[in-house]
Amino acid sequence: MLLTVVLAVIPVFALCLFAWSESSESLEILIRSNNYAAADSAASDLESKMSQRMIVAQTFASLPAVVNDVMRNDKEAARERLRTLVSNDPRINRAFIADAKGTMWSDFPFAPESQGVNFSGRDWYKGVSASWQPYVSRVYRRHAAPAPLLIAVAAPVKSPAGDVIGILVYQILLEALSDQFKDINVGSNGFVMVLDYAGTVAAHPRIDPQSKMHESFLSEDAVKRVGDSERATLEYRDPILAETMLATFQKVSIAGHDWIIIAQQPVAHAYAPLHALRWQILIAGILLAGCAGTLAVVLEHGRHRTRALNRDLATINVRLRNEMAQREQAQEALQRSKEELERRVEERTNQLRSKEEQLLQAQKMEAVGRLAGGVAHDFNNLLTAIMGFSELSLTDKTLPGHVRQYIEQVKVAGTRATDLTRQLLAFSRKQVLQPVTADLNAILRSTDKLLQRLIREDIDLVFVLAGELDPVYVDPGQMGLVLVNLVVNARDAMPRGGKIVIETANCLLDAKYAADHSEVTPGEYVMLAVSDTGTGMDKDTLSKIFEPFFTTKEVGKGTGLGLAMIHGIVKQSGGHIWAYSEPGKGSTFKVYLPRSLSEEPRQNAPEVLPAPMRGNETILLVEDEALVRDFATLALTSQGYTVLAASSAEMALELAHDYGPLVRLMVTDVVMPGMSGTELARKLTARFPGLRVLFMSGYTENAIVHHGVLANGINFLQKPLSATALCAKVRQVLDGANEQPKE
């Protein structure tokens, strides 16, 4: 009997030991494979995200606009670009540009306490300056309060010659890095943490990343045991959670340094299924041994348990195969994510390149506009002398007839030159507008008869006007000029006849439209569209149509200033103009004007100048251009005035010191070398409260005109001016000084 029991028990225990060994090995492989898969996923994700961030930093630092801002030392423009970088990526907490020596130059958000601070001791500066390549820093604490923990992504800013002229840095809070690994499955109660190459915890979902810095990991025996291997799984005691963990350590190289990914879970949770199975096997062995007295029952029970164990082993093998299949699927998903990331980076790069082209075009147009405005201003001074002296000469009754004809031709040429300067001022947005809150439909209807006379009989003019159009704040005369020029261009594009359609509508330009058109502010607009069925334009021609002096017409049939002038008027009115065309399919020009928020229309009554009147008052004339000064002096003295002429503001102050109480009116240019006319007026009116001031200029700066709108209460005379207009305006201002205020 004993032998029978022994013979029955020995196979049972042998089977139990076999099941113990096989199940333990399979479960341990499954548990470690899960840790390996989690570590692989986290490592690939970290490497991919950091590479993307370095690409973004390098792309932004290489933008010509950013390089130009640094080279021009334009901190404000650079700060605006940094604002765009921060607002486009919610994970970026702050961005700034330091010079090549690490000194703060421009930042967003603006931090006064950081200005001029040198960060050459920071890890990001040492990393970038070592090879002048993009770099990801170790964890560090910000210099300014509240001093959060973060990492920095840095890239060098290089000049076109390849010289390093600055360093772009944007900072990412540790919360953003920790959130990246929260959804990775590391088994029951497990998680992924990240150490930077100095051993500081960069991501840990179980602790507040801003609470304190943990720099003890690289000194832990567990990390030392990993050694130079790329990956290892072992048990160690987590110094933060004070708990024994089963962890997989994996290294990832970022910017030339090894970061460590740790996928870990508590040992008790990791080996819980293994312990449960071992207990099952142990209890089964004890029961089988206890039933050895009844060999048949023991054998039957042993066979039953063996079948159960085989089913468990089969289940474990199925689970293992499923886990391996899931890992392969995860790798495929990672590859798809990588391809999607590359696509998005390429798409974003194309967007940045498009915005850069728009910015370069806007800068070119602004530079040409400034040149045109300056030329028009100086030319207006010359035209003032030409027109003025011509007018004074024609008052001479003894002038021979043929000489009078010559002077009249000079005056005609001056008048045509005046029209040209007005076009240049319109293009450069320095003309004087007199806007009112108006109905754009009413402005268009008032031009109907004029437009019908401008087009030919083979052209059909169609108006499609919105029923309830929002009001706009514009100069009606200038808007009429815009429409006339667009219709004339459409007429010239249809030599064989066709149709011109004029439309109006209320529209909303949203943030997406503004993102594709950098000069547009999102909001409510009123649209004016002029479409034709003419010859159309190709893309190259379309890109140049608003440039001054560019024309597709034959020599002698166009100045090339029509569309440039329209562009200037629309921009000065706060609007935006857009054109679309294809060869052989016609063209469409759309003008977007901001909706007026004024509840009541503003009425600016046209100023009516009185007829020239003589006077005997003393006038202080301040003009730096000698020809204009001589003409104005001659015109005023011919009407009986006493004129004190000054070529500069400093000379005017000296004359005012000697003759101040006698001077009733100061006539001054706005833009002069040194002190401006507006500043001179403030000083003299403070000393002589009764002094009246009349400003004159080819274009007006902010002291007289704000965005092209005349300020109330300012006496202003536009150049070029005639002797009649000058004397009439002087008389009007002097007579206004004599009026008594009404009760």
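Residues numbered from 1 in each chain as written. Predicted model: local features only at pLDDT ≥ 70, side-chain atom pairs only at ≥ 80, totals over all residues. Heavy atoms only, no water.

Structural notes on the overall build of the protein chain
Alright, step 1. Across its full length, the protein chain carries 20 helices and 25 strands.
Alright, step 2. When burial is assessed residue by residue, the protein chain has 46% of its 743 residues classed as buried. (Helix = DSSP H or I, 4+ residues; strand = E, 2+ residues; numbered from the N terminus. Buried < 20%, exposed > 50% of the residue type's maximum accessible area, 1.4 Å probe, protein only.)

Here's the deal with the sheet that holds strand β15 (residues 498-509)
Alright, step 1. Strand order in the open sheet formed by 5 strands is β13-β15-β16-β18-β17, and the pairing between neighbours is mixed. Of all the strands in the sheet, just β13 (459-464) and β17 (576-581) have a single pairing partner and so form its edges. Ignoring strand direction, the axes of neighbouring strands in this sheet form an average angle of 20°.
Alright, step 2. Two strands pair when backbone bridges link them, and strand β16 (residues 523-532) and strand β18 (residues 587-594) are joined in this way by 8 bridges, in the antiparallel orientation. Of the residues in β18, the one forming a bridge with Ala-529 is Lys-590.
Alright, step 3. Those strands touched by helix α13 (residues 476-492) are β13, β15, β16 and β18, and its axis lies near 135° from that of β15. (Pairing = 2+ DSSP bridges. Axes fitted to C-alpha atoms, helices over the stretch in contact; angles between N-to-C directions. Contact = heavy atoms within 4.5 Å.)

Quick notes on the packing of aromatic side chains
We describe a pair of aromatic rings using the distance from one ring centre to the other and the angle between the two ring planes.
Alright, step 1. Enumeration over the complete set of coordinates arrives at 6 aromatic pairs.
Alright, step 2. Each ring, one from Phe-96 and one from Phe-119, has its centre 6.0 Å from the other, and the planes form 40°; the classification is tilted. Note that Phe-96 is positioned in strand β1 (residues 92-98) and Phe-119 in the loop between β2 (104-108) and α4 (123-131), a separation of 23 residues in sequence. Neither Phe-96 nor Phe-119 differs from the other in exposure class; each is buried. (Phe/Tyr/Trp six-rings, centres within 6.5 Å; stacked < 30°, edge-to-face > 60°.)

Digging into the packing of helix α18 (residues 649-659) against helix α19 (residues 677-687)
Alright, step 1. Two numbers describe how α18 lies on α19: the axes approach to 11 Å, and their chain directions differ by 10°. The orientation of α18 relative to α19 falls into the category roughly parallel. Across the interface between the two elements, Ala-649, Ala-652, Leu-653, Ala-656 and His-657 from α18 touch Leu-680, Leu-684 and Arg-687 from α19.
Alright, step 2. When the residues that make up the contact of α18 with α19 are grouped by side-chain class, the tally is 6 nonpolar, 1 polar and 1 charged. (Parallel < 35°, antiparallel > 145°, perpendicular 65-115°, else oblique. Nonpolar A, V, L, I, M, F, W, Y, C, P; charged D, E, K, R; others polar.)

Quick notes on the side chain of Ser-573
Alright, step 1. Structurally, Ser-573 is set in the loop between α16 (562-572) and β17.
Alright, step 2. A distance of 2.9 Å separates a polar atom in the side chain of Ser-573 from the backbone oxygen of Ile-569. (Polar contact = N/O pair within 3.5 Å; in protein donor to acceptor, adjacent residues only side chain to side chain.)

Observations concerning the pattern of salt bridges
Alright, step 1. Scanning the model with the defined rule gives 19 salt bridges in all.
Alright, step 2. Note that Asp-69 and Arg-81 form a salt bridge whose closest N and O atoms lie 2.3 Å from each other. Here Arg-81 lies in helix α3 (residues 75-88) and Asp-69 lies in helix α2 (residues 64-72), a separation of 12 residues in the sequence.
Alright, step 3. Judged by relative accessible area, Asp-69 falls into the buried class, the value being 1%.
Alright, step 4. Residue Arg-81 is classed as buried on the basis of its relative accessible area, which comes to 18%.
Alright, step 5. Across the salt bridge formed by Arg-83 and Glu-80, the nearest N and O atoms sit 3.2 Å from each other. Taken together, the residues span about one helical turn, with Arg-83 and Glu-80 both in helix α3 at a distance of 3 residues.
Alright, step 6. For Arg-83, a relative accessible area of 35% corresponds to the partly exposed category.
Alright, step 7. On the basis of relative accessible area, Glu-80 is assigned to the partly exposed category, the value being 42%. (Salt bridge = Lys/Arg side-chain N within 4 Å of Asp/Glu carboxyl O.)

As for the nonpolar core
Alright, step 1. In terms of nonpolar packing, the biggest core is built from 64 residues, with Leu-46, Trp-124, Ile-151, Leu-168, Phe-181 and Trp-259 touching the most fellow members.
Alright, step 2. Among the elements that take part in this core, helix α1 (residues 2-61) stands out by supplying 10 residues, more than any other.
Alright, step 3. Excluding residues that lie within four positions of it along the chain, Phe-181 makes contacts with Ala-42, Leu-46, Val-192, Val-194 and Ala-203.
Alright, step 4. Residues Leu-444, Ile-455, Leu-528 and Val-530 belong to the second largest nonpolar core, which totals 40 residues. (Core = buried A, V, L, I, M, F, W, Y, C linked by side-chain atoms within 4.5 Å.)

Remarks on the packing of α2 against α3
Alright, step 1. At a minimum axis distance of 8 Å, the contact between α2 and α3 shows a crossing angle of 150°. Classified by the interaxial angle, the pair formed by α2 and α3 is roughly antiparallel. For α2 against α3, the interelement crossing comes out left-handed. Along the contact surface, α2 presents Ala-65, Val-66 and Asp-69, while α3 presents Ala-77, Ala-78 and Arg-81. (Left-handed = near helix turned anticlockwise from the far one by under 90°.)

Geometric descriptors of this kind do not, in isolation, establish any biological role.
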